[in-house]
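Coordinate analysis (summary)
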Amino acid sequence: MASRTVSKDIITLRGSAAIVSEFFGYAANSILYNRGIYPEESFSKVKKYGLTLLLTQDDGVKSFISGLTSQLSEWLEAGKLQRVVLVIMSKATSEVLERWNFNIETDAEVVEKGVIKEKSDKEIMREIQAIMRQIASCITYLPCLDEACVFDVLAYTDKDTTVPMAWVESDAKLINNPQMVKLHSFDTKIHKVDTIVSYKNDEWEDEE
Amino acid sequence: MQFLTPPSRKRRAEAEAEAGTSAGTSGAAASPVSDRRIVLYEQREAVPFQVPRASFGPSDQLMCTYHCRQMVKSEFFVALDTAEKENAEYKARLAALNEQLYKIEEEREKYRDEASFLQQELAASKARENSLQERFLKEVDNSEERYRDQLRCISELEFEIKKEMDSRAAAEQFTETLKETVRELQTKLESLSDSSDREINSLRRELSYVQDESKFSSSKVTAELERTTLRAESAEEEAELLNEQLIGLKEQLDECLTQKGEIEHNHSSSNISPSNASSDDDKKMIKLLQEELHNYEKEVQEARKLKSSQLNSELLKEKLLEEQSRRERAELELSKLHELQVKAQKLELELTSWKSLLNDIPDIGSYSDIPKKFAELQKEALENMAKLGEITAQLKEIKVAMEYADLSKQRAETECMLAKEKVESSSLEVKRLQLMLASVTEERDRLRKDSSASNKDAGPSDDSRVEELEAALNDKEQMMKEMESSLQEHREMIAHQHAELKLFNDRLADESKKVKSLERESDRLRHEVALLESKLGHGDYSSSNTKVLRMVHTLAVENEAKQTIEALQAELKRTTERLQAVEELKGQFDAALPEKLVQLKNQIAVLEKREERYKAVFAEKISVFRKACCSLFGYKIVMDDQKRPNGIPVTRFTLQSIYAQSDDEKLEFEYESGSMNIVMNDYTSQTDIAHQIEIFTRKMNSIPAFTANLTVECFNRRTLC
């Protein structure tokens, strides 16, 4: 019987940054679809991470997310990015209803010395797959968004990061007394991404 | 008396003397026949004896020999007697000794048996002791191994304890630093709360100003609206009057124009027959007509002014509409103001909650430091999570080691108990053996004494046996001593092990206490981690290390801009369409304004006339109907529409019988949504009337029956009276 050897792939800082930024793009699309921020017909199916995921075909949203992911990749390569938060707000009242928090821990040694790490791509893909499945299953416990909503993306960076032209400083857009659910995390050995979704307490749940 | 003894006797005597001296120690009486040889005198004669003749002469020798013989005989007989006595004594002694010897031999055999039994027992005890020794050695080896294992565990536990102590010291230092930061944050929080209070007060003042301004603006707007409405109404009335005047003037103008035409026609016809007398009149007429024309032109100008004023009134109407829309907007803004007030209240509540939070969280001085503190706490929480994971892993390892140590301790305790029991049993055996040994030694001593007493009689073989037994006994004694020494060593080892066990128990108790304290710390850390995770999920951050960025051109903003653009475009389209429609209407209106006005006025007049006719006809009909009802049913009915205090409209009917004797005799009914109810008054509250009301209306539910009954009664009363 042939023995199973766990093959490990070399991962560089740039590669890890690309993986994380790409993950964020797909995760944002999945959240927008599952939470009904945009109509279903504006999404198309693609194969990624061994799953059928949905990507928006709206030009505005596409360009927004592509610009976002490129900037996130830059910050990740520089080791400046601490957290990315996708905020869902009510269109009418601008009240924050949900916060999808992606916390990022960067290996400082890799950023400073350019050390190379090893981890199986399949393992990383499996971890990301688990997170995507959890995002898809979030409709079972998250409250329904009955009103029209919009989304925004916040990036928590180091204090000394230069602010690009297309970006501006903002408040944290917090939720008062939120409920929180911790999802799975994935680790490329250079960047570790933890996912927490916090949402506004439903009034019916409060009454209960 | 001279003794003449033969030399052999002397020799015998010397020998006897020697034998006596040799046996003198034994205390036996010296006797010439102590060696039990009787030398007869006769034989003595055969034995040439050499008497030392130096001392004796020859005659004396013969005398001497007889005396000597007699003496010798007597002495012999005496000696014989004594010898016989001694012999008997010796025989008796011999018999006694033989008996003693027999007894001794019996006893010896007994002792041999006992010695063999003792040897067997010794061998058995040796075997037991060997087995015990082997067991003890095994137990000692096992206990040594366990001791080494426990030492290893203890060393590992000590190492882990040192680690935990170090981590605990680090955690304490960390808590101290946290406390210091919390104190700093508290001072900052106080300053922040003061600044926030000031901001709140300023916001409240601004809010009150805004409210006052909005009220003032709304009152201004309402006053302006009222003014404009009044102005519009007055303008409308003026416009109506002016329109009427315009119409009248136009009619007059038409008449004047027709007159002018007639006059011109007459003038032209009159030009054929010129006459000087009428020319002055015509000139006057012309002047008059010109003046009238001039007046008519003035009136036309006034009419045009009226028209412009009408347009102005329409503009005023539009302005009124705009003012109304502004008023609606002001009302919306007022409603928004209410919402803002609600938001302000919410903010105040949040601020109080923040303040309470700041009070709860130490070392926070201002609100801006709260995110920093939260971010720091988040990082600390993450670090503590990692430490907690390590500590939990260490705790688990310690627990496993503790359990293993407990098990080993229990095993050691059981083995110690077993060893104790064995030691006790072995000590009991040792005591028993010692007692046996003591008894054996006593018997040995007694035997020794007896053997020494019987050594002379017995012989050399018994000595060897006794010596062998003594040697064996000595060997056994030595072995017993060795066993006792080994037992003492074992006891010392067991005592040492007990002491070590006590130390282990004490250490285990200390470690269990430490484990409990570590568990408490881990619970506290878990609670802190949960709090920090909640804060992390909430999205707090440290503004000293982190800044939050977002894209400038967000989709929401773009969407809003698009929507506003679309809305504005739609409004623009609508306004252009309205403008076009208004312009068309204006054109049409300008073209057909007077005709339309005339038509509308005529229609209004016709409708008014019709209305008046209908009213007159209705009044006639209703009066006829009332009279008929009164004559048929005997009641004058007066109908009156009223409103209740709650705003519900109600129709009140007041019935007065034609047979009533006074004006106070009136029945009052209320008609509301299909139901007729009687209203109590002074007349109906009378007992008779109330009784009838009770029977006919309440019980039988028939008002006509009541009224009919009342009519009959009144008629009867009237006719009787």
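Residues numbered from 1 in each chain as written. Chains lettered and ligands numbered in written order. Predicted model: local features only at pLDDT ≥ 70, side-chain atom pairs only at ≥ 80, totals over all residues. Heavy atoms only, no water.

So, the pattern of salt bridges
Residue and element names in this part refer to chain B. Tallied over the entire structure, the rule returns 18 salt bridges over all chains. A salt bridge links R652 to E668; its shortest N-O distance comes to 3.6 Å. Pair noted here: R652 is in strand β3 (residues 649-657) and E668 is in strand β4 (residues 666-672), with a separation of 16 residues, a long-range link. One salt bridge connects R652 with E670, and the closest N-O pair in it is separated by 2.7 Å. Here R652, found in strand β3, pairs with E670, found in strand β4; they are 18 residues apart in sequence, far enough to count as distant. The two residues R652 and E670 agree in class, both being buried. Overlapping salt bridges, with partners in common, bring together R168, E172 and E521 in one network. (Salt bridge = Lys/Arg side-chain N within 4 Å of Asp/Glu carboxyl O. Helix = DSSP H or I, 4+ residues; strand = E, 2+ residues; numbered from the N terminus. Buried < 20%, exposed > 50% of the residue type's maximum accessible area, 1.4 Å probe, protein only.)

Some words on the sheet that holds strand β2 (residues 635-643) of chain B
Residue and element names in this part refer to chain B. The strand order across the open sheet built from four strands is β2-β3-β4-β5, with neighbouring strands paired in antiparallel fashion. The sheet is open, and its two edges are formed by β2 and β5 (675-679), each paired on a single side. Each adjacent strand pair in this sheet contributes to an overall mean axis angle of 25°, direction not counted. Packed on one face of the sheet, helix α9 (residues 703-720) meets β2, β3, β4 and β5 and runs near 170° to β4. (Pairing = 2+ DSSP bridges. Axes fitted to C-alpha atoms, helices over the stretch in contact; angles between N-to-C directions. Contact = heavy atoms within 4.5 Å.)

Let's talk about the packing of aromatic side chains
Residue and element names in this part refer to chain A. In the structure shown here, the tally under the stated rule is nine aromatic pairs over all chains. Each ring, one from F23 and one from F102, has its centre 5.8 Å from the other, and the planes form 80°; the classification is edge-to-face. Here the residue F23 occupies a position in helix α1 (residues 13-34), and F102 occupies one in strand β5 (residues 96-106), the gap between them amounting to 79 residues. There is no split in this pair, since F23 and F102 are both buried. The class of F23 is buried, set by a relative accessible area of 1%. (Phe/Tyr/Trp six-rings, centres within 6.5 Å; stacked < 30°, edge-to-face > 60°.)

Description of the sheet that holds strand β8 (residues 167-169) of chain A
Read from one edge of the open sheet, seven strands run β8(A)-β1(B)-β7(A)-β4(A)-β5(A)-β10(A)-β9(A), paired in antiparallel fashion. Edge strands, defined here as strands with exactly one partner in the open sheet, are β8 and β9 (178-187) of chain A. For this sheet the average axis-to-axis angle between neighbouring strands, irrespective of direction, equals 25°. Here α1(A) sits on the sheet in contact with β4 (81-90), β5, β7 (149-158), β9 and β10 (191-200) of chain A, set at roughly 20° to β10(A). Against the sheet, helix α2 (residues 59-78) of chain A makes contact with β4, β5, β7, β8 and β10 of chain A together with β1 (546-551) of chain B, and its axis sits at roughly 15° relative to β7(A), the strand it touches most.

Observations regarding the confidence of the model for chain B
Note that predicted coordinates carrying low pLDDT should not be read in detail. All names here are of chain B. Per-residue pLDDT for chain B has a mean of 76; in total, 79% of the residues score no lower than 70. The weakest mean pLDDT in chain B belongs to helix α2 (residues 41-46) at 42; the strongest belongs to helix α8 (residues 687-699) at 91. Below a pLDDT of 50 lies the segment residues 1-57, which in the model reaches 68 contacts outside its immediate sequence neighbourhood of four places, other chains included. (pLDDT = per-residue confidence, 0-100.)

Things to note about unusual backbone geometry
Backbone geometry places A:S94, a non-glycine residue, at a positive phi of 55°. Along the chain, A:S94 turns up in the loop between β4 and β5. For A:S94, a relative accessible area of 48% puts it in the partly exposed group. Although it is not a glycine, B:S673 adopts a positive phi angle of roughly 45°. Relative to the elements of secondary structure, B:S673 occurs in the loop between β4 and β5.

A closer look at the packing of α1(A) against α2(A)
All names here are of chain A. At a closest axis distance of 9 Å, the pairing of α1 and α2 adopts a crossing angle of 150°. In this view, α1 runs roughly antiparallel relative to α2, as classed from their interaxial angle. The handedness of the crossing between α1 and α2 comes out as right-handed. Across from L13, R14, A17, A18, V20, S21, F24, G25, A28, N29 and L32 in α1, the residues of α2 making contact are V61, I65, L68, T69, L72, S73, L76 and E77. Its residues assigned to classes, the contact of α1 with α2 comprises twelve nonpolar, five polar and two charged. (Parallel < 35°, antiparallel > 145°, perpendicular 65-115°, else oblique. Left-handed = near helix turned anticlockwise from the far one by under 90°. Nonpolar A, V, L, I, M, F, W, Y, C, P; charged D, E, K, R; others polar.)

Digging into the pairing of β2(B)
Residue and element names in this part refer to chain B. Sheet analysis places β2 next to β3, joined by nine bridges and oriented antiparallel. Bridge pairing in β3 links Y635 to S657. In this structure, the hairpin formed by β2 and β3 is closed by a connection of five residues, where G647 is found at a positive phi of approximately 95°.

A short note on the interface of chain B and chain A
The interface of chain B with chain A comprises 27 residues on the first partner and 42 residues on the second. Both sides together, the interface formed by chain B and chain A hides about 3000 Å², and carbon and sulfur atoms give 59% of it. Our enumeration of links across chain B and chain A arrives at zero salt bridges. If you look at where chain B meets chain A, you find eleven residue pairs in polar contact (both at pLDDT 80 or more). Going through the elements one at a time, α5 (369-455), α6 (460-538), β1 and α7 (555-633) of chain B are the ones with two or more residues in the side of chain B that touches chain A. Looking at the side of chain B that touches chain A, the element that brings in the most residues is β1(B), giving six residues. The class makeup of the residues in the side of chain B that touches chain A is nine nonpolar, 13 polar and five charged. Inspection of the sheet shows β7(A) paired to β1(B) by five bridges, in the antiparallel sense. Bridge pairing in β1(B) places A:A155 opposite B:L549. (Buried area = accessible area lost by both parts, 1.4 Å probe. Polar contact = N/O pair within 3.5 Å; in protein donor to acceptor, adjacent residues only side chain to side chain.)

Concerning the pairing of β1(B)
With five of six residues buried, β1(B) is to be regarded as a mostly interior element. Bridging between β8(A) and β1(B) involves three bridges; their strand directions are antiparallel. By the bridge assignment, A:W167 is partnered in β1(B) with B:M551.

Re helix α4 (residues 121-136) of chain A
All names here are of chain A. Between its first and last C-alpha, α4 extends 22 Å over 16 residues, near the 22 Å set by a 1.5 Å rise per residue. For α4, the full list of buried residues reads I124, E127, I128, Q129, I131, M132, Q134 and I135. For α4, the N-terminal capping position is held by S120, with its side-chain oxygen 3.2 Å away from the main-chain nitrogen of K122. (Expected span 1.5 Å × (residues − 1).)

Focus on a negative patch on the surface
All names here are of chain B. Taken together, the side chains of E105, E106, E107, E109, D113, E114 and D450 make up a negatively charged region of the molecular surface. Ranked by residues supplied to the negative patch, first place goes to helix α3 (residues 58-270) with six residues. By relative accessible area, E109 is classed as partly exposed at 48%. (Patch = residues over 30% accessible without salt bridge, like charges linked within 9 Å, V, L, I, M, F, W, Y side chains within 5 Å. Areas by Shrake-Rupley, 256 points an atom, 1.4 Å probe, with all protein chains shown as cover. Lys, Arg positive; Asp, Glu negative; His and termini not counted. Charge placed at Lys NZ, Arg CZ, Asp CG, Glu CD.)

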